[in-house]
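As a plain string of letters, each chain reads:
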Amino acid sequence: QVQLVESGGGLVQAGGSLRLSCAAAVRTFSRIAMAWFRQAPEKEREFVAAINWNANTGYADSVKGRFTISRDNAKNTVYLQMNSLKPEDTAVYYCAVRSWTFSRHVEEYDNWGQGTQVTVFS
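To start, this report covers the structure provided alongside it. The model shown is predicted, which means the values in this text are computed figures rather than measured ones.

1. A short note on the nonpolar core
Reasoning step 1: Counting 36 residues, the largest nonpolar core has Met34, Trp36, Leu80, Met82 and Tyr93 as its most contacted members.
Reasoning step 2: Looking at this core, the elements that each hand over two or more residues are β3 (18-25), β4 (32-39), β5 (46-51), β7 (67-72), β8 (77-82), β9 (91-99) and β11 (116-121).

Next up, the structure:
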């Protein structure tokens, strides 16, 4: 079991920016893929962005060009830079981890953080 701790959520006006962080307590951070998902009230958890062990990335169409995922292996941390935020980005954001390569499917992750709330108002 990998402990994941998210931070950086908050309240922001539409058009603004936030940066989320997820720190992983794992010895082999360089061998894992990390992903961000989000869940809005009464909606399914959905894929947002992910990064492989080799820094290849993937994004949901809804965030492409606005969000950027990155990783710092020295700090065991993955980041999600969110720019040009929209009210529809409002959700609880979760990070998740799996070995080597990411998946866009919730069911393929066993380790999740506790989530951080992002609220975007217009």
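Let's pick the thread back up.
2. Observations concerning the packing of aromatic side chains
Reasoning step 1: Applying the stated criterion to the full structure yields seven aromatic pairs.
Reasoning step 2: Relative to phenylalanine 47, the ring of phenylalanine 37 has its centre 5.7 Å away and its plane inclined at 80°; by these criteria the two rings are edge-to-face. One end of the pair, phenylalanine 37, is in strand β4; the other, phenylalanine 47, is in strand β5, with 10 residues separating them in the sequence.
Reasoning step 3: On the basis of relative accessibility, which here comes to 9%, the residue phenylalanine 47 falls in the buried class.
Reasoning step 4: Relative to tryptophan 100, the ring of tryptophan 53 lies with its centre 5.5 Å away and its plane at 90°, an arrangement referred to as edge-to-face. Of the two residues, tryptophan 53 is situated in the loop between β5 and β6 (57-59) and tryptophan 100 in the loop between β9 and β10 (111-112); the sequence distance between them amounts to 47 residues.
Reasoning step 5: You can call tryptophan 53 partly exposed: its relative accessible area is 39%.
Reasoning step 6: Members of the aromatic cluster, connected to one another through ring pairs, are Phe37, Phe47, Tyr94, Phe102, Tyr109 and Trp112.
Reasoning step 7: Here the guanidinium or amino end of arginine 45 rests over the ring plane of tyrosine 94, the centre of that ring lying 3.7 Å away.

3. A short note on unusual backbone geometry
Reasoning step 1: In the Ramachandran plot, glutamate 42 falls in the positive-phi region, its phi being about 65° despite a non-glycine side chain.
Reasoning step 2: On the secondary structure map, glutamate 42 appears in the loop between β4 and β5.

4. Some words on the pattern of salt bridges
Reasoning step 1: By the definition in use, this model includes five salt bridges.
Reasoning step 2: Between aspartate 61 and lysine 64 there is a salt bridge whose closest N-O contact spans 3.2 Å. Each member of the pair aspartate 61 and lysine 64 is classed as exposed.
Reasoning step 3: Because the salt bridges share partners, they merge into one network encompassing Arg38, Glu46, Arg66 and Asp89.

5. Re the sheet that holds β7
Reasoning step 1: With antiparallel pairing, the four strands of this open sheet are ordered in space as β1-β3-β8-β7. Each edge of the open sheet is held by one strand with a lone partner, namely β1 (3-7) and β7. Here the strands of the sheet are splayed against their neighbours by 15° on average, with no regard to which way each runs.
Reasoning step 2: Two strands pair when backbone bridges link them, and β7 and β8 are joined in this way by six bridges, in the antiparallel orientation. The partner of serine 70 across the bridge, within β8, is tyrosine 79.

What counts, and where the lines are drawn
Note on numbering: residues in each chain are counted from 1, in written sequence order. Reporting in this predicted model follows two pLDDT cut-offs: at least 70 for local features of residues, and 80 or more for side-chain atom pairs to be given and counted; totals over whole chains, interfaces and linings ignore these cut-offs and use all residues. Excluding hydrogens and water, the side-chain values take into account all heavy atoms of the structure. Within this scheme, the nonpolar core is defined by two criteria: the residues are buried Ala, Val, Leu, Ile, Met, Phe, Trp, Tyr or Cys, and they are joined through side-chain atoms within 4.5 Å. The buried label applies to any residue whose accessible area, calculated with a 1.4 Å probe on protein chains only, is under 20% of its type's maximum; exposed applies above 50%, and partly exposed to all values in between. A run of H or I in DSSP becomes a helix once it reaches four residues, and a run of E becomes a strand once it reaches two; helices and strands are each numbered from the N terminus. Stacked, tilted and edge-to-face are the three classes applied to pairs of Phe, Tyr and Trp rings, where Trp contributes its six-membered ring and a pair requires centres within 6.5 Å; stacked means planes under 30 degrees apart, edge-to-face means over 60, and tilted covers the rest. Geometrically, a charge over a ring is one whose NZ (Lys) or CZ (Arg) sits within 6 Å of the ring centre while staying within 35 degrees of the ring normal. What makes a salt bridge here is a side-chain nitrogen of Lys or Arg within 4 Å of a carboxyl oxygen of Asp or Glu, nothing more. In this analysis, strands are considered paired if DSSP registers two or more bridges between them. Axis geometry follows a simple rule: fit a line to the C-alpha atoms, using only the stretch in contact for helices, then measure angles between N-to-C directions, giving values from 0 to 180 degrees.

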